Amino acid sequence: MATSRGDTTRGLTAFGEYLTRGFGAGRRHKGDPRLSFARWLRELAWRHVVGILAAGFALFPIIWIISASFNTVPSLSASRIIPESMTLENYRSLFDDPDLPFGKWLFNSFQIAFLVSALQMLMSAIAAYSFARLRWAGRRVGLLVILLVQMFPQFLAFVAVFLLLNRLEEMIGGGLQVPMALFGAIVGTALLAWGFFAWRKAMDNRERLWPGVVLGTGAALVVLAVVASSYDVTVLPGIGLNKAGLVFVYLGGSIGVNTWLIKGFYDSIPMALDESARVDGASDWQIFTKIILPLARPVLAVIFIISFVFIYNEYILASFVLRDVSQYTYAIGLALFVESDVTIASEFARLAAAAVIGGLPIVVVYVAASEYIVGGLTQGAVKG
Amino acid sequence: MVEREKGRAPFGVLPFRTLGPGFWLRLFTLGMLDALAIYALPFLIQQHNWLVLAVLILGTAGINYVYFAKRAFPIRWLVPGLFFLLIMMIYPIFYTFWVALHNWSTGHILTKPQVVDLFEQQVFEPEVGERFSVVLYGHPDGDLIIRVEREDGSVFIGVPRSSNDPVPEDDAIDLIDLATTPFVDDDGDGVPESIDGRPRLTLGEVLQIQDVNRLVVDIPDLGEARLQTGTSAKLAEQRFVYDEATSAMLDRVRGISCPADDATGNFVCAGAPIDPGWRVVIGLDNFTDVATDARIREPFVKVFVWNVAFAVIVVTLQLAIGLLLAINFQDRRMRAKKLYRAILILPWAMPAFISVIVWRALLNQRFGKLNDLIEPVTNLFGNDRIPWLTDPIWAKAAVILVTVWLGFPYMFLVASGALQAIPEDLKEAGRVDGATSRQVFWRITFPLLMVSIAPLVIASFGFNFNNFINIFLLTEGGPPLVGYDVPVGHTDILISFTYNLASASGRGQNFGLAAAITFFIFMIVVILSIVSFRFTKKLEEVYGNL
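Per chain, residue numbering runs from 1 following the sequence as it is written. As a convention, the first chain written is A and the first ligand written is 1, with the rest following in written order. The predicted nature of this model means local features are confined to residues of pLDDT at least 70 and side-chain atom pairs, given and counted, to a pLDDT of 80 or more, with totals for whole chains, interfaces and linings taken over all residues. The side-chain numbers reported here are obtained from all heavy atoms of the structure, hydrogens and water having been left aside.

1. Structural notes on the overall build of chain A
Operational definition: By definition, any uninterrupted DSSP run of H or I lasting at least four residues is a helix, any uninterrupted run of E lasting at least two residues is a strand, and each is numbered from the N terminus. Relative accessibility under 20% of the residue-type maximum defines a buried residue, over 50% an exposed one, and the middle range a partly exposed one, all with a 1.4 Å probe and only protein chains included. Contacts are residue-level and defined by heavy atoms, with any inter-residue pair within 4.5 Å sufficient. Using the Shrake-Rupley algorithm and a 1.4 Å probe, accessible areas are obtained, with residue cover drawn only from the displayed protein chains.
When helices and strands are tallied, chain A shows 18 helices and zero strands. A buried classification covers 53% of the 384 residues belonging to chain A. Across chain A, the fraction of contacts at a sequence separation of at least 24, relative to all contacts at a separation of at least 6, is 75%. If you sum the accessible surface of chain A, you get close to 17,500 Å²; carbon and sulfur atoms cover 67% of it.

Okay, here's the thing in structure tokens:
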């Protein structure tokens, strides 16, 4: 594990440099003699033949969808590599079809993927600090558990996740009721009073922590109670078979893998940096935010990209959790297209336009950062 | 001095400046958490959900402890991640196993109390009993009100509902009171000719009403009066009565008692189980069924064999093509390598679900572009367009083709990296010792390459073993294998088979069996991970020796 982690780390560090400095342009090797044409034909031409064949194989579907997406005639049978007449209508029509709300799906996908990747990255980065820099009983066991858990792909538990969210929805789907608001008001006021007197009695700030928590709890309860009594709305985010539920599910998904990866990177940051900061009186939190986190930015960027694309691609859990068509992610929304071969054949141009819009942002990021993503993926899941 | 340290200082003088943002963050977050936890308490007590209640109390107390106690400092960093990891990763793993121990499937989804409730809501119209006379007002297409007169002369006028609608509580029933509602009774027989502007319907009009015998008028303290013809109604009575002591359901229509069979989770009436049933623990039956029940074992074995074959073939082809291309582009004199590379990684960079959906269109038998492209070749063999997605053999070929297309760039990238990492002096040493370039490749480069990419190849095998999207979005597992109780197709792999078992397809959901098969997949994944670890160790040894 250590060696490949080292590789990853090196790769990720290089990515950081690349992000800040940009590509060094590819150079011709100075020492190489100029090839004669005959020699080029003999030694290099076949390599280009193989390369062109492979490129053709790789590009075959991609060329078709790009050309079809501009085709005036929407059907599959009418699509040509170079369309007879071109239009942007296919793209425009994607966004005003109330039955297949592409814009909404795209938004949902980006919203969910962004929220999950960002939160997951943050939580993993914080957890990894404890594993890498603090010494505590159970640390080794904790690392082992993470290693074991990351073997289990979360989507395998889709049955359990579905039944769990279904249950959760039954339990809290109704939101906060008025009697609950009353209850909240009474308990909240009591807590406020208690917290207030405890605060007054406290000797110093250290002792004010728990009265503070009691005060905060009370205040929050009172606020919630007021909101719950004035409106007949759900105050709690209704976690169930919906987008909020899906985000909740995904958040647990790759924390283990990410923590493991980030810890590996933290380990490569010299301890001496922390020590000198600690001598200057920095707390752990300050060391983390001022020293470790800035240094780890490249690795965090890669992990963010990988998680983002992983969530963007996820199908099984999303299709079980999301019921309302307006809440669909792009992946399960686009799959509606292929429910029958008739729609595929007759609406190919729109399908193609949807594919281009949904694929382009990801492709751009992936191509730009491919070397570093390969390094990062080495540790966790593989795509392809 | 002592007095000042006691700190009766007003808020804000001494304390606030020295409190860091960490303090306020902790304060705010814990406050919100505790508030939500306290809010949930009455819900859970009301639902008698003691297990969740205990977990909630212990969890909240634990989190508060962690953020108060100094010795729990290292744990503070873990709590946010651990929270989600526990709820959405570790708990589902165990819950999957728990579900697999049940007969949790269509017809056995609910718990026993829920099933008893459902049965006790069922009603019937007894043969004997009071007959009401009924008059309808309004319009046949809707906006109906109904006047119901009992034998004792008491009258109820209400808005009907369909017998399919839920039963309202007694105090929610809103009857129309003639004392406050304008009505017309010109002939003075006590039956108005119109109520609130709605005319009385003739018998002909009544018969135009859709599902007229589905209409129900709720009467407080009595129950529901169900229309029978257009002119009469009967009081519906509760059909099933549950007897807690004997755990049996009395069917008042047939006059028999249906004892509960807690082994299968059904009430059994005269030897026949009645639906719905409830979920019960059936032990390891779901696991053993896979081995012993021929109707499950046969499709399972077919799916498993194809699954392994699929993963092996796909990874081998991906690796072969990727390696070939990597070697192809090794020559450093070659131009346009960056361009080739950018093009070649496109299939890998495209989100997989999009590529697969597009491929599905291109593989369409009649209009698909692949068939257009290879027409010159297929013309030689009888001008048949290839049924890529509908023929068992061709569908397998199509799935492999698309999966190889999606995955070869990754192998290409990995192999390129690994080739460059092999030290040049090793090859040089081989050449000095007189090896041909072929020998150098097969004896030095290739073994070293395999050692370094073996963990990735295994991981790729694991990924393709569960490559749900490619199968599901391309063929949906089809074409279907006929003759089995479970929905299964020729190209189904275990995960898509499981997905179909658990999703609401035509044959109902079977969560229990799906969970059991999931566990089987999990074991395979674990074995692969262990093998992968071994390879990684070996890798370290090899490089350690260099």
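2. What to know about the nonpolar core
Our working rule: Take the buried residues of types Ala, Val, Leu, Ile, Met, Phe, Trp, Tyr and Cys, join any two whose side-chain atoms come within 4.5 Å, and each joined set is a nonpolar core. As annotated, the domain borders come from an automatic or database domain assignment.
Judged by nonpolar contacts, the single largest core of 178 residues is most densely connected at Tyr315(A), Tyr330(A) and Leu334(A). Of the residues that make up this core, three or more belong to each of domain 1 (20-100) and domain 3 (288-545) of chain B. Setting aside chain neighbours within four positions, we find Tyr315(A) in contact with Ala331(A), Ile332(A), Ala335(A), Phe468(B), Ile469(B), Phe472(B), Leu473(B) and Tyr499(B). Grouped together as the second largest cluster of nonpolar side chains are 30 residues, Ala125(A), Ile126(A), Trp136(A) and Ile146(A) included.

3. Concerning the state of the cysteines
All names here are of chain B. Spelled out, the test is: Throughout, disulfides are identified as pairs of cysteine sulfur atoms within 2.5 Å of each other.
Applying the stated rule across the entire model yields one disulfide over all chains. Between the sulfur of Cys258 and that of Cys269 lies a disulfide, 2.0 Å long from S to S. One quick way to see it: the torsion about the S-S bond of Cys258 and Cys269 is about 100°, and its sign makes the bridge right-handed. In this pair, Cys258 sits in strand β16 (residues 256-261) while Cys269 sits in strand β17 (residues 266-269), placing the two residues eleven residues apart along the sequence.

4. A short note on the pairing of strand β4 (residues 155-158) of chain B
Residues in a regular strand point their side chains to alternate faces of the sheet. All names here are of chain B. Which entries qualify depends on this criterion: The pairing criterion is simple: DSSP has to find at least two bridges between the two strands.
As paired elements, strand β3 (residues 142-149) and β4 share four bridges and run antiparallel to each other. Paired with Ile146 across the bridge in β4 is Gly158. Between β3 and β4, which pair antiparallel in sequence order, lie five residues; one of them, Gly153, sits at a positive phi of approximately 95°. Sheet analysis places β4 next to strand β6 (residues 175-176), joined by two bridges and oriented antiparallel. Considered in β6, the bridge of Ile157 is made with Ile176.

5. A closer look at unusual backbone geometry
All names here are of chain B. Cis geometry is adopted by the peptide bond preceding Pro276, which originates at Asp275 and carries an omega value of -5°. Assignment of secondary structure puts Pro276 in the loop between β18 (272-274) and α9 (285-292). Even without being glycine, Ser247 reaches a positive phi, approximately 55°. Residue position: Ser247 is located in the loop between β14 (240-243) and β15 (248-251). With a phi close to 50°, Ala270 is a non-glycine residue in the positive phi region. Looking at the element boundaries, Ala270 is found in the loop between β17 and β18.

6. Observations concerning the confidence of the model for chain B
Residue and element names in this part refer to chain B. Rule in force here: The predictor reports its confidence for every residue as pLDDT, a score running from 0 up to 100.
Looking at chain B, the pLDDT average stands at 83 and 93% of residues meet or exceed 70. Confidence, expressed as mean pLDDT per element, reaches its minimum in chain B at helix α1 (residues 2-5) with 41 and its maximum at helix α10 (residues 294-328) with 92. Between residues 1-17, whose pLDDT stays under 50, and residues either more than four places distant or in other chains, the model counts 14 contacts.

7. Let's talk about the packing of aromatic side chains
Rule in force here: For Phe, Tyr and Trp, where Trp contributes only its six-membered ring, two rings pair if their centres lie within 6.5 Å, and the inter-plane angle classes them as stacked under 30 degrees, edge-to-face over 60, or tilted in between. Distance and angle both matter: a charge sits over a ring if NZ of Lys or CZ of Arg is within 6 Å of the ring centre and within 35 degrees of the ring normal.
One pass over the full model with this rule turns up 58 aromatic pairs over all chains. Judged by centre distance (4.9 Å) and plane angle (40°), the ring pair of Phe329(B) and Tyr340(B) falls under tilted. One end of the pair, Phe329(B), is in the loop between α10 and α11 (337-344); the other, Tyr340(B), is in helix α11, with eleven residues separating them in the sequence. Tyr340(B) gets classed as buried once you look at its relative accessible area, which sits at 10%. Grouped by ring-pair contacts, the aromatic residues Phe102(A), Trp105(A), Phe110(A), Phe114(A), Phe304(A), Phe308(A), Tyr312(A), Tyr328(A), Tyr330(A) and Phe353(B) constitute a single cluster. In this arrangement the basic side chain of Arg279(B) is found over the ring face of Trp104(B), its NZ or CZ atom lying 3.9 Å from the centre.

8. Overview of helix α11 (residues 255-267) of chain A
The cut-off we apply is this: Here the expected length of a helix is defined as 1.5 Å per residue gap, with one fewer gap than residues.
For α11(A), with 13 residues, the first-to-last C-alpha span of 18 Å sits near the 18 Å given by 1.5 Å per residue. For α11(A), the tally of buried residues reaches twelve of 13 residues, placing the bulk of the element in the interior.

9. Digging into the pattern of salt bridges
Under the convention used in this document: A pair is scored as a salt bridge if a Lys or Arg side-chain nitrogen falls within 4 Å of a carboxyl oxygen belonging to Asp or Glu.
Per the counting criterion, the structure on display carries 17 salt bridges over all chains. The partner of Asp96(A) in a salt bridge is Arg92(A), and the shortest N-O contact between them spans 2.8 Å. Residue Asp218(B) is joined to Arg161(B) by a salt bridge in which the shortest nitrogen-to-oxygen separation is 2.7 Å. With Asp218(B) in strand β10 (residues 215-219) and Arg161(B) in strand β5 (residues 161-162), the pair connects residues that are 57 residues apart, well separated along the chain. Here Asp218(B) and Arg161(B) have matching classes, each one buried. Put simply, Glu89(A), Arg92(A) and Asp96(A) are held in one network by salt bridges that share partners.

10. What to know about the interface of chain B and chain A
Our working definition: Reported buried area values correspond to the accessible surface (1.4 Å probe) lost by two parts on association, with both partners' losses combined.
With 125 residues of chain B in contact, the opposing surface of chain A contributes 131 residues. Each partner contributes to the roughly 11,600 Å² buried at the junction of chain B and chain A, and carbon and sulfur atoms together form 77% of this total. On the chain B side of the contact with chain A, Tyr39(B), Trp77(B) and Met88(B) bury the most area, a combined 8% of that side's loss. Inspection of the region where chain B meets chain A yields zero salt bridges.

11. A word on the pairing of β15(B)
All names here are of chain B. Across four bridges, β14 lies against β15 in antiparallel orientation. Its bridge partner lying in β15, Tyr242 is registered against Met249. Here β14 folds back onto β15, and the loop between the two strands holds four residues, one of which, Ser247, carries a positive phi near 55°. With antiparallel pairing between neighbouring strands as the criterion, β15 and β16 make up a hairpin whose turn holds four residues, including Gly255 at a positive phi of roughly 65°.

12. Some details on the sheet that holds strand β7 (residues 183-184) of chain B
Pairing within the open sheet is antiparallel, and its three strands lie in the order β7-β8-β9 (chain B). Only two strands of the sheet have a single neighbouring strand rather than two, namely β7 and β9 (198-199) of chain B.

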